[in-house]
Amino acid sequence: MNIYRIMIANGVVLIALGIYGYIVSSSPTALIAPAVGIVLIFLAFPTKNENRTAAHAAVILTLVSGVVFLVTGFLRSNLIVIIMAIFTLFALLLYISDFIRRKKEREDQSA
């Protein structure tokens, strides 16, 4: 599983849905999701080169943004934000499963 591809896909979804939300609502807060998406895309390239700091920063950003999108989506009953939250939290699940897999591989190599 290439975690950097998941970061890029998550970033593209956040950018697309955030821009769509901005066009529909004209609210500047709708541009928060595209900003998070751009940061995730920028963090994907160092993660591709095995930069652990960038990977952990992306996981933290994904966790925080996913929870914020989920809470905001349900409070405002906004389906677009809920979809962003679900996609972001699913990406977080994939990140964590990849970290666990890599840790097991390292432990198997050292044993």
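These numbers were taken from a predicted model, which means no experiment stands behind them.

Caption draft 1: Expanded view of the confidence of the model for the protein. On average, residues of the protein carry a pLDDT of 93, and 98% of them reach 70 or more. Across the protein, the secondary-structure element scoring lowest on mean pLDDT is helix H4 (residues 79–110), at 92, and the one scoring highest is helix H2 (residues 32–48), at 95.

Caption draft 2: A look at H2. Taking 1.5 Å per residue as the helical rise, H2 with its 17 residues ought to reach 24 Å, and the 25 Å between its terminal C-alpha atoms agrees with that figure. Where H2 is concerned, the buried positions are Ala33, Pro34, Val36, Gly37, Leu40, Leu43, Ala44 and Thr47. Where H2 is buried, its residues contact helix H1 (3–25), helix H3 (52–76) and H4. Phi turns positive one or two residues past the end of H2, at Glu50, with a value near 65°.

Caption draft 3: Layout of the packing of H3 against H4. Running from N to C, H3 and H4 cross one another at 150°; their axes reach a closest spacing of 8 Å. As far as their axial angle goes, H4 and H3 are roughly antiparallel. Considering only the axes of H3 and H4, their crossing is left-handed. Considered class by class, the residues forming the contact of H3 with H4 number 16 nonpolar, six polar and two charged.

Caption draft 4: Region of the structure containing the pattern of salt bridges. With the rule as written, the count across this model stands at four salt bridges. A salt bridge links Arg102 to Glu50; the nearest nitrogen and oxygen atoms lie 2.8 Å apart. With Arg102 in helix H4 and Glu50 in the loop between H2 and H3, this residue pair connects regions lying 52 residues apart in the sequence. Exposure remark for Arg102: the relative accessible area of 25% places this residue in the partly exposed category. On the basis of relative accessibility, which here comes to 52%, the residue Glu50 falls in the exposed class. Asp98 is paired through a salt bridge with Arg101; the nearest N and O atoms lie 2.6 Å apart. Of this pair, Asp98 and Arg101 are both found in helix H4, three residues apart, which corresponds to roughly one turn of the helix. Taking the relative accessible area as the measure of exposure, Asp98 reaches 1% and is therefore buried. Note on Arg101: relative accessible area 32%, which makes it partly exposed. By sharing partners, the salt bridges in this structure join Glu50, Asp98, Arg101, Arg102 and Glu105 into a single network.

Procedures and definitions
- Residues numbered from 1 in each chain as written.
- Predicted model: local features only at pLDDT ≥ 70, side-chain atom pairs only at ≥ 80, totals over all residues.
- Heavy atoms only, no water.
- pLDDT = per-residue confidence, 0-100.
- Helix = DSSP H or I, 4+ residues; strand = E, 2+ residues; numbered from the N terminus.
- Expected span 1.5 Å × (residues − 1).
- Buried < 20%, exposed > 50% of the residue type's maximum accessible area, 1.4 Å probe, protein only.
- Contact = heavy atoms within 4.5 Å.
- Axes fitted to C-alpha atoms, helices over the stretch in contact; angles between N-to-C directions.
- Parallel < 35°, antiparallel > 145°, perpendicular 65-115°, else oblique.
- Left-handed = near helix turned anticlockwise from the far one by under 90°.
- Nonpolar A, V, L, I, M, F, W, Y, C, P; charged D, E, K, R; others polar.
- Salt bridge = Lys/Arg side-chain N within 4 Å of Asp/Glu carboxyl O.

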